[in-house]
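Coordinate analysis (summary)
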Amino acid sequence: MTASLREEKDRLELLTEMLRIRRFEERSVELYSSAAIRGFLHLCIGEEAVAVGVLQALGADDAVVSTYREHGHALARGVPMQAVFAEMFGRTTGCSRGRGGSMHLFDASRRFYGGNAIVAGGIPVAVGLALADAMQRRPLVTACLFGDGAAAEGEFHESLNLAALWRLPVVFCCENNQYAMGTALARSHAQTDLALRAASYGLRSWAVDGMDVLAVRDAARLAVDTARAGGGPCFLELRTYRFRAHSMYDADRYRGKAEIARWRERDPVELLASALVAEGVIDTARRAALEAEVAAEIDRAVEAAEAASLEPVEDLTRFVRSEVS
Amino acid sequence: MSTTTYREAFRAGLREALAVDDRVFLMGEDVGRYGGCFAVSQGLLEEFGEQRIRDTPLSESAFVGAGIGAALGGMRPIVEIMTVNFSLLALDQILNNAATLLHMSGGQLGVPVVIRIPTGPGRQLAAQHSHTLEGWYAHIPGLRVVAPATLADARGMLATALIDPDPVLIFEQIALYGASGELADDAGPVDLDHAVVRRPGSDVTLVAYGGSLAPALAAAEELAVDGVSAEVVDLRTLRPLDTETVLESVRRTHRLVVVDNGWRSGSLSAEIAARVAEHALYELDAPVERVCAVEVPIPYPRHLEEAALPGPADVMAAARRAVG
Ligand SMILES: Cc1ncc(C[n+]2csc(CCOP(=O)(O)OP(=O)(O)O)c2C)c(N)n1
Ligand SMILES: [Mg+2]
């Protein structure tokens, strides 16, 4: 395959992955409305380029630590769609056996370490995973995803310092979607240039257009390669926007419609799709076929998840301590 | 038998753990170059090197969380938090991650981390360095919480804790580090499941743990002079509690005094009293007595620190009330 053909194929794959996430999230809203999903539900619509771009840059044995807004990260990591729906339905076939729900997706087999709903709570754990890989001389990287709000927490600052001090292979990926719940960046950070602040810890740091999946992927590759090669931790500030409310409980009263509309003009899915159409890589028929494939996958996944069983109440106290055989 | 100190017993346990398993490493504030805030890890940096004896920045949350991550990544970290009051800065990691990940992940992610936490009063360190918070940690499902109060337990609990596939918190008594005694030359791993009768008796059961074991034993000694036979039970493991050993003793003595360096309200002593009330109320010939820390931040001057804590005289008075 020529380089340009390979790149075409890669871009198609990026588009497919983003579409899967977008449509998955949209179906989740419907399922929430019909009460099949309960609890907190945080959507990443508008932020798909971050999920897909970062996760595409990782190897199969690298580790991932994420937040409660992690459906996209899990899907892009390869966690089966059915297992994510089942998790949100609280079923035994869920990727956390239904014990976690939307905010706590885990998949040890894919080194997907969740699913942390304490803002910044996963960041120290990511440092430790990288420490374990480094001490065991495994050439692996840990990607740690978190929001702009997390960058105000002590655990963020403690962890960047520790990772930089010990030159650990962590790629810190800050999904700067401009808001922490209803608090805009400038209302909680004295210095809003997060990449600049991260750099003060002595690690390599980049600010990236988080709506451009190719830019995200390329920056993530550079960061991952740097960390893997022993260059120490890296920081990516991925500038993006969530098109929907913070969670299903959020009335979204803290930002203007015009602001949302402005960001929607840079919809990451449409940005890539229209580029591919303009270049003649896909036509409208192909785009429609792609949509149909994704819709079919979602239908199958929902159906399988709905068919799965709930855990028996007798098993309530399992998994508090390990079951040693 | 050899004479040794509680501090040396812990160090011997650490040295052995590091020697037998490459996955084991120690990290915390001043554990390396300084030799440990209480000199427990003195010499280990020289012996095992910087990879395995890691001085951390003052970042309790980050290095405890890193211990959790390293455990997930296949290592067997021993994390030292300088003292229990500082552990509160890492409480998020201990409760929301270490104790919770296994359950939240549906059984996928065990966290085999060991966290050593010096604790307790007795050195006039005032109200931010003297508290006994083990009981709080014992409230948390998912953790094992142990309180070595003897040389054998100081020597042997770590090895067993490291075999546990889930998080274990070891609370070491600051006031005991310098205490010396006799330890068997072949002392090794000890069980982490059972309370132990440290002194048999027939008239009253004194339940104690960690820093309250010494005053309980001293009181039992004195009570014996007066013809009162007190049995002393050392809980050893605060979670999961070995209720049966306590009940078995109470069924023989019919009287219970719980001695606890923690504050009375919502304390481990309250838990013990409740369990005895649930399972052996009709065995009791007298109301349960509790001897706890006075509900005040532990003050600096010696006489006030002593007055705030259970001493042998307080335990004796409670035992006499129970015996009648
Ligand atoms: C320690 C902590 N404080 C507060 C919350 C409540 N909370 C949940 S999400 C959130 C906003 C976080 O914003 P950000 O890190 O930017 O992530 P985003 O939701 O934008 O993806 C807050 C305040 C929490 N879960 N954890
Ligand atoms: Mg945000």
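Bear in mind the structure is a predicted one, so any value in this text is a computation, not a measurement. (Residues numbered from 1 in each chain as written. Chains lettered and ligands numbered in written order. Predicted model: local features only at pLDDT ≥ 70, side-chain atom pairs only at ≥ 80, totals over all residues. Heavy atoms only, no water.)

1. Topic: the layout of surface pockets
The volume enclosed by the largest pocket comes to roughly 430 Å³. Lining of the largest pocket is provided by 26 residues; of these, A:Tyr68, A:Arg69, A:Val119, A:Met181 and A:His246 occupy positions nearest its centre. If you list the elements that add at least two residues to the lining of the largest pocket, you get strand E3 (142-147) and strand E5 (179-180) of chain A. Taken together, the residues of the lining of the largest pocket sort by class into 13 nonpolar, seven polar and six charged. Here the second largest pocket defines a volume of roughly 340 Å³. Looking at the second largest pocket, it is lined by 17 residues, and the ones nearest its centre are B:Pro121, B:Gly122, B:Gly211, B:Leu309 and B:Pro310. For the lining of the second largest pocket, the secondary-structure elements that each account for two or more residues are helix H9 (213-225) and helix H12 (302-308) of chain B. When residues in the lining of the second largest pocket are grouped by element, the largest group, three residues, is from H12(B). Its residues placed into classes, the lining of the second largest pocket shows eight nonpolar, six polar and three charged. (1 Å grid on protein atoms, 1.4 Å probe; cavity = no way out; pocket = protein on both sides within 12 Å on 5 of 7 lines; lining within 4 Å. Points joined across faces, edges and corners; volume = space filled by probe spheres on them. Helix = DSSP H or I, 4+ residues; strand = E, 2+ residues; numbered from the N terminus. Nonpolar A, V, L, I, M, F, W, Y, C, P; charged D, E, K, R; others polar.)

2. So, the UniProt feature "domain: Transketolase-like pyrimidine-binding" (unreviewed entry) in chain B
Here the UniProt feature "domain: Transketolase-like pyrimidine-binding" (unreviewed entry) sits at residues 4-179 of chain B. Split by type, residues 4-179 of chain B is 38% helix and 17% strand. Its first and last C-alpha atoms lie 8 Å apart. (UniProt positions renumbered as here; feature names shortened; annotations may be inferred.)

3. Observations concerning the coordination of the magnesium ion (ligand 2)
Residue and element names in this part refer to chain A. Every protein donor of the magnesium ion (ligand 2) is listed here as Asp148 (OD), Asn177 (OD1) and Tyr179 (O), and their distances to the metal cover 2.0 to 2.1 Å. Ordering the donors of the magnesium ion (ligand 2) by residue number gives the pattern D-x28-N-x1-Y. Placement of Asp148 in the loop between E3 and helix H6 (154-165) and of Tyr179 in strand E5 is noted, with a sequence separation of 31 residues between them. With respect to class, Asp148 is no different from Tyr179; both count as buried. (Donors = N, O, S within 2.8 Å, 3.2 Å for Na, K, Ca; no water. Buried < 20%, exposed > 50% of the residue type's maximum accessible area, 1.4 Å probe, protein only.)

4. Points about the site of ligand 1
Residue and element names in this part refer to chain A. The local shell around ligand 1 holds 15 residues, among which Tyr68, Arg69, Asp148, Gly149 and Asn177 are the closest. In this structure, Gly149 approaches ligand 1 through a main-chain N or O atom, which is 2.7 Å from an oxygen atom. In this structure, an oxygen atom belonging to ligand 1 sits 2.9 Å away from a main-chain N or O atom of Tyr179. The site holding ligand 1 turns out to be the largest pocket. Split into classes, the residues belonging to the shell around ligand 1 amount to eight nonpolar, four polar and three charged. (Near = heavy atom within 4 Å. Polar contact = N/O pair within 3.5 Å; in protein donor to acceptor, adjacent residues only side chain to side chain. Sits in = over half its atoms within 2 Å of the grid points.)

5. Re the side chain of A:Asp267
Residue and element names in this part refer to chain A. Within the secondary structure, Asp267 is located in the loop between helix H10 (257-264) and helix H11 (268-278). Judged by its relative accessible area of 9%, Asp267 is buried. Separated by 2.8 Å, the side chain of Asp267 and the backbone nitrogen of Val269 make a polar contact. Ignoring any residue separated from it by four or fewer positions in sequence, one finds Asp267 in contact with Arg22 and Phe243. (Contact = heavy atoms within 4.5 Å.)

6. Some points on helix H2 (residues 48-56) of chain A
Within H2(A), eight of the nine residues are buried, which leaves it mostly tucked inside the rest of the structure. Taken together, the buried positions of H2(A) are A:Glu48, A:Ala49, A:Val50, A:Ala51, A:Val52, A:Gly53, A:Val54 and A:Leu55.

7. Comments concerning the packing of helix H4 (residues 81-88) of chain A against helix H12 (residues 284-307) of chain A
Residues and elements named next belong to chain A. Close contact between H4 and H12 brings their axes to 8 Å; oriented N to C, the two are set at 45 degrees. Considered as vectors, H4 and H12 are oriented oblique to each other. Considering the relative orientation of H4 and H12, their crossing is right-handed. Two secondary-structure elements touch here, H4 through Met81, Gln82, Phe85 and Ala86 and H12 through Glu297, Ile298, Ala301, Val302, Ala304 and Ala305. Of the residues that constitute the contact of H4 with H12, the class distribution is eight nonpolar, one polar and one charged. (Axes fitted to C-alpha atoms, helices over the stretch in contact; angles between N-to-C directions. Parallel < 35°, antiparallel > 145°, perpendicular 65-115°, else oblique. Left-handed = near helix turned anticlockwise from the far one by under 90°.)

8. Topic: the sheet that holds E3(A)
Note on sheets: strands pair through backbone hydrogen bonds, and any given pair is parallel or antiparallel. Residues and elements named next belong to chain A. Read from one edge of the open sheet, six strands run E2-E1-E3-E4-E8-E7, paired in parallel fashion. Because the sheet does not close on itself, it has two edges, and the strands there are strand E2 (112-116) and strand E7 (204-209). Between one strand axis and the next, the sheet turns by 15 degrees as a mean value, whatever way the strands run. (Pairing = 2+ DSSP bridges.)

9. Considerations on the pairing of strand E4 (residues 76-80) of chain B
All names here are of chain B. Among the five residues of E4, five are classified as buried, and the element is accordingly described as predominantly covered. Alternating positions in E4 separate into two faces, Arg76, Ile78 and Glu80 on one and Pro77 and Val79 on the other, with burial throughout. Summarising the sheet, strand E2 (residues 24-28) and E4 pair through five bridges and their orientation is parallel. From the neighbouring strand, Leu26 faces E4, where its bridge partner is Ile78. The pairing of E4 with strand E5 (residues 114-119) spans three bridges and is classified as parallel. Its bridge partner lying in E5, Ile78 is registered against Val114.

10. Examining the interface of chain A and chain B
How big an interface is tends to be stated in terms of the accessible area lost upon association of its parts. On the chain B side, the residues contacting the 38 residues of chain A number 44 residues. In total, chain A and chain B occlude about 3100 Å² of area from one another, counting both sides; carbon and sulfur atoms represent 63% of this. In this assembly, chain A and chain B are joined by two salt bridges. Elements supplying a minimum of two residues to the side of chain A that touches chain B: E2, helix H5 (123-135) and H6 of chain A. (Buried area = accessible area lost by both parts, 1.4 Å probe. Salt bridge = Lys/Arg side-chain N within 4 Å of Asp/Glu carboxyl O.)

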